[in-house]
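Observations on the three-dimensional arrangement
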Amino acid sequence: MEKYLIVGLGNVGDEYDMTRHNTGFMVLDAFAKASNICFQDKRYGFVAETSLKGRKVFLLKPSTYMNLSGNAVRYWLNQENIDQQRLLVISDDVALPLGAFRLKANGSNGGHNGLGHIQQLIGQQYARLRMGIGNDYARGRQIDWVLGRYDEDDLKVLQPSIDTAVEIIKSFVLAGIDVTMNQFNWLGKGPKPTTNL
């Protein structure tokens with residue numbers, strides 16, 4: 001049976017709940033809810049399992065904190081003997097506007113600490129879904145921004161992208177990265193800016 005590892009990046013603990021940096025966790029929570037499965041506290045992270053048309057899917061929310069996410073990813077790839085081509089990592093990205101997203105087959109970490117640590121341990125050859133969180137912060141205030149909580153208006157903009165991300169995970173497992181990029185990336189430009197006429 002083919003196995004897939006879907007990783008959502010974030011930080012564990014109530015103080016990080018619903019923060020921008022935990023967008024990866026939020027996507028996995030939405031997928032788990034839609035699949036009617038629950039996470040269990042296991043080594044290096046919270047893990048949920050399901051299957052899609054005969055393919056085994058592991059969802060992983062690392063409990064290592066963001067900067068050491070690679071430890072959890074490497075462990076679960078090895079533990080379940082999952083090919084790196086079947087790994088998808090979901091992270092927040094300040095370079096994309098809120099509600100936008102971008103799916104890539106590989107590439108650099110873009111300055112993201114979680115992706116950076118994963119890259120240190122397993123290289124750049126893995127798929128990643130970057131969820132835009134915007135960058136409406138003053139110079140030097142990036143940490144406050146990414147660790148800040150979404151408000152209700154933010155969540156209204158973000159929710160359609162989270163719903164789409166759940167579909168992207170399914171497509172990645174069933175159709176592969178190339179088909180999924182072709183199908184979804186044009187959608188990921190984010191909400192149309194509102195103009196006050």
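Going by the structure above, here's the rest.
Scoring rules and cut-offs
- Throughout this description, residue numbers start from 1 for each chain and increase along the sequence as written.
- In keeping with the predicted nature of the model, local features appear solely for residues at pLDDT of at least 70, side-chain atom pairs appear and are counted solely at 80 or more, and the whole-chain, interface and lining totals rest on all residues.
- Based on all heavy atoms of the structure, the side-chain values leave hydrogens and waters out of the count.
- The term nonpolar core refers to a set of buried residues drawn from Ala, Val, Leu, Ile, Met, Phe, Trp, Tyr and Cys, joined through side-chain atoms within 4.5 Å.
- Only protein chains enter the accessibility calculation, which uses a 1.4 Å probe; a residue is then buried when its area is under 20% of its type maximum, exposed when over 50%, and partly exposed in between.
- Helix numbering and strand numbering both begin at the N terminus, where a helix is a DSSP run of H or I of at least 4 residues and a strand a DSSP run of E of at least 2.
- The contact rule is simple, with two residues in contact once any of their heavy atoms fall within 4.5 Å.
- Axes here mean lines fitted to C-alpha atoms, for a helix over just the part in contact, with angles spanning 0 to 180 degrees between N-to-C directions.
- Handedness of a crossing is defined here by the sense of rotation of the near helix relative to the far one, left-handed for an anticlockwise turn of less than a right angle and right-handed for a clockwise turn.
- Ten residue types, Ala, Val, Leu, Ile, Met, Phe, Trp, Tyr, Cys and Pro, are classed as nonpolar, four, Asp, Glu, Lys and Arg, as charged, and the remainder, Gly among them, as polar.
- Roughly parallel means an angle under 35 degrees; roughly antiparallel means over 145; roughly perpendicular covers 65 to 115; every other angle is labelled oblique.
- Note that the arc is defined by the directions from the helix axis to the C-beta atoms.
- Here a pair means two rings of Phe, Tyr or Trp (six-membered ring of Trp) with centres within 6.5 Å. Their orientation is stacked below 30 degrees between planes, edge-to-face above 60, and tilted elsewhere.
- Paired strands, in this sense, are two strands between which DSSP finds at least two bridges.

1. Notes on the nonpolar core
Judged by nonpolar contacts, the single largest core of 35 residues is most densely connected at Ile 6, Leu 59, Leu 88, Ile 90 and Leu 129. In terms of residue count, helix H5 (residues 152-175) provides more of this core than any other element does, eight residues in total. The residues touching Ile 90, leaving out its near neighbours within four places in the chain, are Ile 6, Val 7, Gly 8, Leu 9, Gly 24, Val 27, Leu 28, Leu 129, Met 131 and Ile 169.

2. Description of the packing of helix H1 (residues 23-35) against H5
Between H1 and H5, the least distance of the axes is 9 Å, while the angle of their chain directions is 65°. Of the two elements, H1 crosses H5, and the hand of that crossing is right-handed. In this structure, H1 contributes Thr 23, Met 26, Val 27, Leu 28, Ala 30 and Phe 31 to the contact, and H5 contributes Leu 155, Leu 158, Ile 162, Ala 165, Val 166, Ile 169 and Lys 170. Of the residues belonging to the contact of H1 with H5, the class tally is 11 nonpolar, one polar and one charged.

3. Some remarks on the packing of helix H2 (residues 69-79) against helix H3 (residues 113-122)
Here H2 crosses H3 at 45°, and the two axes come no closer than 7 Å. Taken as axis vectors, H2 and H3 run oblique relative to one another. In terms of crossing hand, the pair formed by H2 and H3 is right-handed. For the pair H2 and H3, the contacting residues are Ser 69, Gly 70, Asn 71, Val 73, Arg 74 and Leu 77 in the first and Gly 114, His 117, Ile 118, Leu 121 and Ile 122 in the second. Taken together, the residues that form the contact of H2 with H3 break down as five nonpolar, five polar and one charged.

4. A look at helix H6 (residues 177-184)
Residues spaced three or four apart along an α-helix point in a common direction, a consequence of the helix completing one turn every 3.6 residues. Every buried residue of H6 is listed here: Ile 177, Thr 180 and Phe 184. Along the axis of H6, the buried residues cluster in a sector spanning 65°; they form a single face. Residues Asp 178 and Asn 182 are exposed on H6 and point more than 90 degrees away from its buried face.

5. Quick look at the packing of aromatic side chains
Scanning all chains against the criterion turns up five aromatic pairs. Ring geometry for Tyr 4 versus Phe 172: centroids 6.1 Å apart, planes at 80°, classification edge-to-face. Here the residue Tyr 4 occupies a position in strand E1 (residues 3-8), and Phe 172 occupies one in helix H5, the gap between them amounting to 168 residues. Since its relative accessible area comes to 7%, Tyr 4 is described here as buried. On the numbers, 6.1 Å between centres and 40° between planes, the contact of Tyr 137 with Trp 145 is tilted. For Tyr 137, a relative accessible area of 25% gives the class partly exposed.

6. Description of the side chain of Glu 80
Its place among the elements puts Glu 80 in the loop between H2 and strand E5 (87-93). On the basis of relative accessibility, which here comes to 17%, the residue Glu 80 falls in the buried class. Residues in contact with Glu 80, not counting those within four places in the same chain, are Lys 3 and Phe 58.

7. Side note on the sheet that holds strand E4 (residues 55-62)
Across the sheet, seven strands lie side by side as E2-E3-E4-E1-E5-E7-E6; this open sheet has mixed pairing. The sheet is open, and its two borders are formed by strand E2 (40-42) and strand E6 (101-104), each paired with just one other strand. Ignoring which end each strand starts from, the neighbouring axes of this sheet average 25° apart. Pairing between E6 and strand E7 (residues 127-132): four bridges, direction antiparallel. Opposite Phe 101, over in E7, you have Met 131 as the bridge partner. Strands in contact with H6 are E6 and E7; relative to E6, the strand with the most contacts, it is inclined by about 155°.

8. Concerning unusual backbone geometry
Positive phi, normally seen in glycine, also occurs at Met 18, with a value near 65°. With respect to the helices and strands, the residue Met 18 is situated in the loop between E1 and H1. Judged by relative accessible area, which is 31%, Met 18 ranks as partly exposed.

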